[in-house]
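Observations on chain architecture
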Amino acid sequence: MIDFRDVVLDALTSALANTDGAPDRAGLAKALSHPKDQSMGDLAFPAFPLAKALRKAPPAIAAELGATITAALAPDGAIARVEVVGPFLNFFAAPGVLLADLLRSLDDGSFDSFCHADERERVMVEFSQPNTHKVFHVGHLRNVAVGDALQRVYRARGHDVVAANYYGDFGVDVAKCLWWLKHEDVGTPPAIGRGAWLGKAYAATTARLEELKEKDAVAFEALHTELRAILADIKSGDTEMARLYAETRQWCLDEFAEVYGWLDVHFDTDFFESELEEPGHAIVDEYLAKGVFEHSQGAIVCMLDAYDLGPALVRKSDGTSLYLTWDLVLARRKFDEFGVQRSLYVVGAEQTFHFKQLFATLERMGYERAVDCRHVAYELVMLPDGKMSSRKGKVIPFFELRSALRDAIDSKMRSAERGSRDDWTEEQWETTIDRIAVACLRYGMLSVSNTTRVIFDIDAWTNLEGESGAYLMYGLARISGIFAKASEDPRSAAIAKGDLAAAATLAPAFGAEAERALLTHLLRYPRVLAQVEAQADPSFLASWLYDGAKLFSRFYHDCPVLKAEPDLMGARLALVRAAERVLSGGLRTLGVEPVAQM
RNA sequence: GCGCCCGUAGCUCAGCUGGAUAGAGCGCUUGCCUCCGGAGCAAGAGGUCACAGGUUCGAAUCCUGUCGGGCGUACCA
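What you are looking at is a predicted structure, and each value in this text was computed from that prediction instead of being measured. (Residues numbered from 1 in each chain as written. Chains lettered and ligands numbered in written order. Predicted model: local features only at pLDDT ≥ 70, side-chain atom pairs only at ≥ 80, totals over all residues. Heavy atoms only, no water.)

Topic: the domain arrangement of chain A
Taken domain by domain, chain A consists of domain 1 (4-93) and domain 2 (398-590). Placing a centre on the C-alpha atoms of domain 1 and another on those of domain 2 gives a separation of 34 Å. Contacts between domain 1 and domain 2 engage nine residues on the former and six residues on the latter. Around 640 Å² of area is buried between domain 1 and domain 2 when both sides are counted, 47% of it from carbon and sulfur atoms. When residues of domain 1 are sorted by the area they lose upon contact with domain 2, Arg5, His34 and Gln38 head the list and together hold 62% of the total. At the junction of domain 1 and domain 2, the tally comes to one salt bridge. The closest approach of N and O atoms between Asp42 and Arg516, which form a salt bridge, is 3.7 Å. When the residues that make up the side of domain 1 that touches domain 2 are grouped by side-chain class, the tally is two nonpolar, four polar and three charged. (Domains from an automatic or database assignment. Contact = heavy atoms within 4.5 Å. Buried area = accessible area lost by both parts, 1.4 Å probe. Salt bridge = Lys/Arg side-chain N within 4 Å of Asp/Glu carboxyl O. Nonpolar A, V, L, I, M, F, W, Y, C, P; charged D, E, K, R; others polar.)

The structure is reproduced here in structure tokens:
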């Protein structure tokens with residue numbers, strides 16, 4: 001696999017080989033940038049950084065370098081030509097050479113390995129972490145979209161990935177839900193959306209407690225005592241409450257499975273909060289004995305003054321444990337049982353302090369690999385009129401959201417004038433609608449960076465015109481159309497089935513800007529994956545995909561494929577094939593499965 | 001008070017390890033289907049990149065400060 005960037009760096013380093021004070025290869029690489037405009041080349045080198053060392057004006061340096069490099073260019077190399085524009089040195093890629101190489105690399109697998117990280121590691125990506133007995137809403141979907149895209153990118157980068165889920169299936173909130181079910185008339189649970197239904201019970205008890213806190217301290221305490229009793233009941237196993245817990249918990253787990261199935265999300269391992277209580281006590285005792293943890297104000301803490309993080313509470317004064325305690329247990333299992341080298345936690349930004357404390361505590365416990373733990377923080381999902389609130393019922397539950405998306409796409413497809421779907425089976429309709437819905441949802445969540453709040457506007461997200469997940473799929477559907485059409489005509493069929501890599505080489509250089517722009521965009525894909533990994537932010541992939549779809553649309557409009565002369569048709573078919581392979585690979589890495597027709 | 005995040009077009013956001021004329025979508029105005037799929041393409045209008053200093057050949061991008069918004073800051077999860 002040829003890396004155009006490497007080729008350009010080679011040319012620059014050898015041109016500067018005998019120049020004192022010239023930057024090394026890494027320095028040159030840092031200076032390389034993309035020209036503002038495709039007509040100005042594919043990679044640019046500004047000569048400013050050399051001005052001091054060479055004691056010459058940047059335009060003069062650029063002119064000299066340009067001449068040296070041009071003289072050394074191989075006739076069939078990856079660099080077609082070099083242009084000097086003032087202080088800039090603009091490199092133009094040779095499309096035939098790079099396209100042919102790209103197609104061969106896609107076929108023999110070297111493209112995939114080119115995407116791999118230098119060091120391939122065992123990485124755990126923990127994400128989703130849904131709570132049972134509570135409503136699962138759009139806010140939770142951002143976590144799933146980010147986490148799943150990240151774990152897919154890590155796999156594409158060649159890492160050995162463990163995707164982990166962590167269910168919040170125990171605790172006082174669960175008891176609040178069960179208490180309401182037991183004491184109030186709740187009717188019968190619905191067939192769909194039982195998690196949301198249980199969530200209402202939880203919210204009702206929470207509201208009751210707040211009310212009592214103001215008015216009736218005795219009743220407030222009494223209710224708390226009842227909640228603790230419920231938790232004890234659940235643990236004891238064979239009680240009516242334990243059976244109610246098991247049943248309602250299973251409803252929620254079944255619904256989560258439905259959500260993940262619809263989104264095509266898979267976990268390699270599941271953790272449950274309900275299993276961490278006992279080991280949590282053990283780990284606190286152990287490190288208390290070792291002197292790492294200490295007593296403080298009736299509770300047990302890990303002092304983190306050295307990290308400027310205060311004391312981290314690991315056991316409350318009533319003897320019960322907390323989130324942090326359970327995360328210590330999980331971290332130990334991740335290191336010791338799973339042998340992970342790196343550990344990612346995809347959790348909302350409001351937990352930043354918690355994870356700082358967690359990682360510092362792990363360090364104090366002697367886990368050196370704590371430095372390879374990373375909190376992937378993302379911002380909240382907001383509604384157009386403000387923050388979501390499950391207590392006020394101001395949320396969009398998953399099942400409502402899914403119906404809304406499906407309905408919008410269904411009506412869009414039925415009203416579309418183009419596209420013959422008369423022969424579609426009911427199953428094809430359903431599959432296609434679901435894939436587009438997932439694409440819109442995932443793209444909507446991932447098109448902004450982790451640190452930006454997402455505004456979930458159901459009207460905007462179901463508008464399929466313009467920038468949306470559907471647009472990303474549209475280009476690939478058109479590509480399928482091109483190959484379907486090509487196979488109908490013997491002349492184009494022969495070319496399409498032939499050696500497209502050879503066709504790419506033999507064809508004349510692309511004349512249209514849209515062709516070169518699309519090709520060079522495809523070649524950037526491996527760097528985009530590396531960037532996503534480095535920043536732990538899938539939005540770079542999402543925007544690369546959007547730009548790719550945009551460039552393909554322009555190409556599609558400007559450059560007819562099947563009506564071109566044979567040589568050009570071959571080259572364009574080669575480009576279309578490469579676009580299909582790279583863009584669909586990228587789309588799947590974002591978690592979106594393309595369709596041949598839509 | 002302290003810590004983290006954010007402030008770019010009417011709206012929603014890219015661009016931020018410094019580089020050429022600050023981009024996209026929505027909305028508004030206007031062209032383009034006998035054509036490989038119009039879920040599209042092209043054009044127009046719309047900007048003191050919150051503000052003030054600093055660093056340098058060059059700042060939306062880096063540093064400092066101010067203002068504005070969000071979140072967090074041991075017995076919730």
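Having seen it, we continue.
Considerations on the packing of helix H5 (residues 95-108) against helix H24 (residues 566-590)
Contact geometry of H5 with H24 gives a least axis separation of 10 Å together with a crossing angle of 45°. Overall, the two elements H5 and H24 adopt an arrangement that is oblique. Helix-helix and strand crossings are classified by hand; for H5 and H24 the assignment is left-handed. From H5, Leu99, Leu102, Leu103, Leu106 and Asp107 reach across to H24, where they touch Ala571, Ala574, Leu575, Arg577, Ala578, Arg581 and Val582. (Axes fitted to C-alpha atoms, helices over the stretch in contact; angles between N-to-C directions. Helix = DSSP H or I, 4+ residues; strand = E, 2+ residues; numbered from the N terminus. Parallel < 35°, antiparallel > 145°, perpendicular 65-115°, else oblique. Left-handed = near helix turned anticlockwise from the far one by under 90°.)

A short note on the packing of helix H22 (residues 525-535) against helix H23 (residues 539-558)
A pair of packed helices can be characterised by two numbers: the angle between their axes and the separation between those axes. Their axes nearest at 8 Å, the elements H22 and H23 cross at an angle of 155°. Classified by the angle between their axes, H22 and H23 sit roughly antiparallel to one another. Contacts between H22 and H23 involve Tyr525, Val528, Gln531, Val532 and Gln535 on the former and, on the latter, Phe540, Leu541 and Trp544. Residue composition of the contact of H22 with H23, by class: six nonpolar, two polar and no charged.

Here's the deal with the confidence of the model for chain A
Confidence in the prediction for chain A averages 93 pLDDT; 99% of positions are at 70 or higher. Per-element confidence in chain A ranges from a low mean pLDDT of 81 for helix H3 (residues 51-54) to a high of 98 for strand S5 (residues 160-167). (pLDDT = per-residue confidence, 0-100.)

Considerations on empty space enclosed by the protein
Tallying each qualifying case throughout the model produces five cavities of 30 Å³ or more. Space inside the largest cavity adds up to approximately 80 Å³. Leu472, Gly475, Leu476, Ile479, Leu545, Gly548, Ala549, Phe552, Leu583 and Leu587 together form the lining of the largest cavity. Residues of the lining of the largest cavity, tallied by class, amount to eight nonpolar, two polar and no charged. (1 Å grid on protein atoms, 1.4 Å probe; cavity = no way out; pocket = protein on both sides within 12 Å on 5 of 7 lines; lining within 4 Å. Points joined across faces, edges and corners; volume = space filled by probe spheres on them.)

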